[in-house]
Amino acid sequence: MYNNLKVIRKKEVQVETLLSSPLNLQVKTGDSGLGNLITESNLHRPQLALAGFTELFTYNNVQVVGNTEVYYLRSLDLERRKKAFENIVKFDVPCIVITNGNQLHDELIEIAKDNNTALLSTDKDTTTAISILSVFLNDQFSPHVTIHGSFMDVYGVGILFTGGSGIGKSEIALDLVERGHRLVADDIVILNNNSGTALMGTGTNLVQHFMEIRGLGIIDVRRMFGIRSIRFQKRLEIIVELEVWDSNGDYTRTGLEENSTKIMGVDITTVKLPIFPGKNITVIAEVIALNYLLKTYGYNASEVFTQKLNETIMKKTKNKNFTDERIINYFQGDLE
Amino acid sequence: MKEFEVSVVNRAGLHTRPAATLVKLTSKYKSNVFIEKDGMRINGKSIIGVMTLAAEIGSTLLFEVDGPDETEATNEIINLFESGFGEPI
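Residues numbered from 1 in each chain as written. Chains lettered and ligands numbered in written order. Predicted model: local features only at pLDDT ≥ 70, side-chain atom pairs only at ≥ 80, totals over all residues. Heavy atoms only, no water.

1. What about the overall build of chain B?
At step 1: A tally of helices and strands in chain B yields three helices and four strands.
At step 2: Helices and strands in chain B line up, N terminus first, as β-α-β-β-α-β-α.
At step 3: Taking 12 Å as the expected radius of gyration for a compact globule of 89 residues, we find that chain B reaches 12 Å, a close match to that expectation.
At step 4: Projected onto the principal axes, the alpha-carbon positions of chain B cover approximately 35 × 25 × 20 Å. (Helix = DSSP H or I, 4+ residues; strand = E, 2+ residues; numbered from the N terminus. Rg over C-alpha atoms; globule rule 2.2 N^0.38 Å.)

In structure tokens, the structure reads:
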């Protein structure tokens, strides 16, 4: 079911989108160029282009103008300054980000407006601004998929429940919410690979934390259980595949071998969980989360048990009674 | 597996009531139903999923029906969309 996932990638974002980045960008050129399209997540510092060398100038990147560029422009007289600035805005530059709260000369702002290039300014220093912008644009251009399932934060572990329609994913999510865990998204989960090493999951803006319970209809989890019952995003750590119990199914008994699913190049631990009447999936989900935490913090129950078993087998040199294998050697007399 | 496109013809689009009609229909069948619109791929048996598409009049949905009763399901889905869910066109 993960093979036919359709990976989508934005091809472009409008300059206006940058205004929602944590950089707190101020627009210096009114509406000019806010609709320009950014097609690359790379950034560029246009130092050589300002100096007149425009071969290999990656003009379609967002241009970051820091102290070096601003001081260089200041060192020029009016005509040469205008000429230098025109060197870069005569290309189809989507926007120019000015860092360190630097001010550009009024005549340069006018030139930018005339060329429909947006000038955005931030108080942050260049290194910080570049780092924030890179992360923001990487996220915007990151590959993502939509997947059918319920996505929960269980003890801080991101668990995605998948399985056929009507198998009870939403009911499990609701039961987990009732036990104090947090819903990220139900039904439609959007997974983003914005770091290359992890998948981040969220829901759609329309649905947010509404969910459908068969026989009831649509409910609003956030209103019903309060703000502590939800969150907007979570890293995906485990996929729990629910399926109707099949006596021929291949279910792990020891937990020594770990299955994983590759989604957008990231391996996600996957647990295939058979369900049948009387089985409490909620508690099992909590145990899956706790076991994952134990493993993450260096304790693997199945490996520890295997090691104990091996040691016991190796020690068995002479026949012993089974009672010799009790945890305690003798029962204390207080009968408690 | 059957793949086909349908258009929304009723004026109000695929709002709550038509969405409910659609998922009741798809849930009757054993086949898996997936619907794709604007890069969003959702399970055609989920009401929240179908409503998320927010399909307006004139929009096109790509259906993917896969299973033992895919032919009957396909016919009924196409009929439902062509009839505009019995709403003003």
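Back to the text.
2. Points about the interface of chain B and chain A
At step 1: Across the contact, 14 residues belong to chain B and 16 residues belong to chain A.
At step 2: Note on chain B versus chain A: buried area summed over both sides is about 1,300 Å², and carbon and sulfur give 63% of it.
At step 3: A salt bridge links Lys6 of chain A to Glu36 of chain B, with the shortest nitrogen-to-oxygen separation between them at 2.6 Å.
At step 4: Scanning the region where chain B abuts chain A turns up four residue pairs in polar contact (both at pLDDT 80 or more).
At step 5: Of all elements in the fold, only β3 (40-43) and α2 (47-52) of chain B reach the threshold of two or more residues within the side of chain B that touches chain A.
At step 6: It is α2 of chain B that provides the largest number of residues to the side of chain B that touches chain A, a total of five residues. (Contact = heavy atoms within 4.5 Å. Buried area = accessible area lost by both parts, 1.4 Å probe. Salt bridge = Lys/Arg side-chain N within 4 Å of Asp/Glu carboxyl O. Polar contact = N/O pair within 3.5 Å; in protein donor to acceptor, adjacent residues only side chain to side chain.)

3. Remarks on the packing of aromatic side chains
At step 1: Going through the model one piece at a time under the given rule, you end up with seven aromatic pairs over all chains.
At step 2: Considering the side-chain rings of Phe81 of chain B and Phe85 of chain B, the 5.1 Å spacing of their centres and the 65° angle between planes classify their relative orientation as edge-to-face. Take Phe81 of chain B and Phe85 of chain B: they sit in the same class, and that class is buried.
At step 3: Members of the aromatic cluster, joined through ring pairs, are Phe4, Phe63, Phe81 and Phe85 of chain B.
At step 4: Over the face of the ring belonging to Tyr71 of chain A we find Arg74 of chain A, whose NZ or CZ atom lies 5.3 Å from the ring centre. (Phe/Tyr/Trp six-rings, centres within 6.5 Å; stacked < 30°, edge-to-face > 60°. Buried < 20%, exposed > 50% of the residue type's maximum accessible area, 1.4 Å probe, protein only. Lys NZ or Arg CZ within 6 Å of the ring centre and 35° of its normal.)

4. Concerning the pattern of salt bridges
At step 1: Scanning the model with the defined rule gives 16 salt bridges over all chains in all.
At step 2: The residue Asp153 of chain A makes a salt bridge to Arg231 of chain A at a minimum N-O spacing of 2.7 Å. Note that Asp153 of chain A is positioned in strand β8 (residues 144-154) and Arg231 of chain A in the loop between α7 (221-225) and β14 (233-235), a separation of 78 residues in sequence.
At step 3: Taking the relative accessible area as the measure of exposure, Arg231 of chain A reaches 24% and is therefore partly exposed.
At step 4: With a closest N to O distance of 3.1 Å, Glu87 of chain B and Arg17 of chain B form a salt bridge. Remark: Arg17 of chain B occurs in helix α1 (residues 16-28) and Glu87 of chain B occurs in the segment after α3 (70-82); sequence separation between them is 70 residues.
At step 5: On the basis of relative accessibility, which here comes to 16%, the residue Glu87 of chain B falls in the buried class.

5. Re the domain arrangement of chain A
At step 1: Assigned domains within chain A: domain 1 (13-140) and domain 2 (144-296).
At step 2: Using C-alpha coordinates to define each centre, domain 1 of chain A is positioned 43 Å away from domain 2 of chain A. (Domains from an automatic or database assignment.)

6. Section: unusual backbone geometry
All names here are of chain A.
At step 1: Residue Tyr155 is not a glycine yet carries a positive backbone phi of 50°.
At step 2: Within the element layout of this structure, Tyr155 appears in the loop between β8 and β9 (157-162).
At step 3: A relative accessible area of 41% places Tyr155 in the partly exposed class.

7. What to know about the sheet that holds strand β4 (residues 43-44) of chain A
All names here are of chain A.
At step 1: Spatial strand order, β2-β7-β6-β5-β4: five strands in an open sheet with mixed pairing. What marks the edges here is a single partner per strand, and that holds for β2 (26-27) and β4.
At step 2: Bridge count between strand β6 (residues 95-98) and strand β7 (residues 118-121): four bridges; the pairing is parallel. Paired with Val97 across the two strands is Leu120, which belongs to β7. (Pairing = 2+ DSSP bridges.)

8. Points about the sheet that holds strand β17 (residues 266-275) of chain A
All names here are of chain A.
At step 1: Reading across from one edge, β14-β11-β10-β8-β9-β15-β17-β16 is the order of the eight strands in this open sheet, with mixed pairing throughout. The open sheet is flanked by β14 and β16 (259-263), the only strands paired with a single partner. Between one strand axis and the next, the sheet turns by 40° as a mean value, whatever way the strands run.
At step 2: Where strand β10 (residues 182-192) and strand β11 (residues 200-202) come together, three bridges link them in antiparallel fashion. Among the inter-strand pairings, Asn192 is bridged to a residue of β11, identified as Met200.
At step 3: Running at roughly 35° to β8, helix α6 (residues 169-178) makes contact with β8, β9, β10 and β15 (238-244) of the sheet. (Axes fitted to C-alpha atoms, helices over the stretch in contact; angles between N-to-C directions.)

9. Let's talk about the nonpolar core
At step 1: One finds Leu22, Ile35, Val50, Leu61, Phe63, Ile77 and Phe81 of chain B to be the most contacted residues of the largest nonpolar core, which totals 29 residues.
At step 2: Contributions of two or more residues to this core are made by β1 (2-7), α1, β2 (32-37), β3, α2, β4 (60-66) and α3 of chain B.
At step 3: With residues near it in sequence (within four places) discarded, Leu22 of chain B still touches Ile35, Val50, Phe63, Ile77, Leu80 and Phe81 of chain B.
At step 4: Judged by nonpolar contacts, the second largest core, of 25 residues, contains Val177, Val221, Leu273 and Ala285 of chain A. (Core = buried A, V, L, I, M, F, W, Y, C linked by side-chain atoms within 4.5 Å.)

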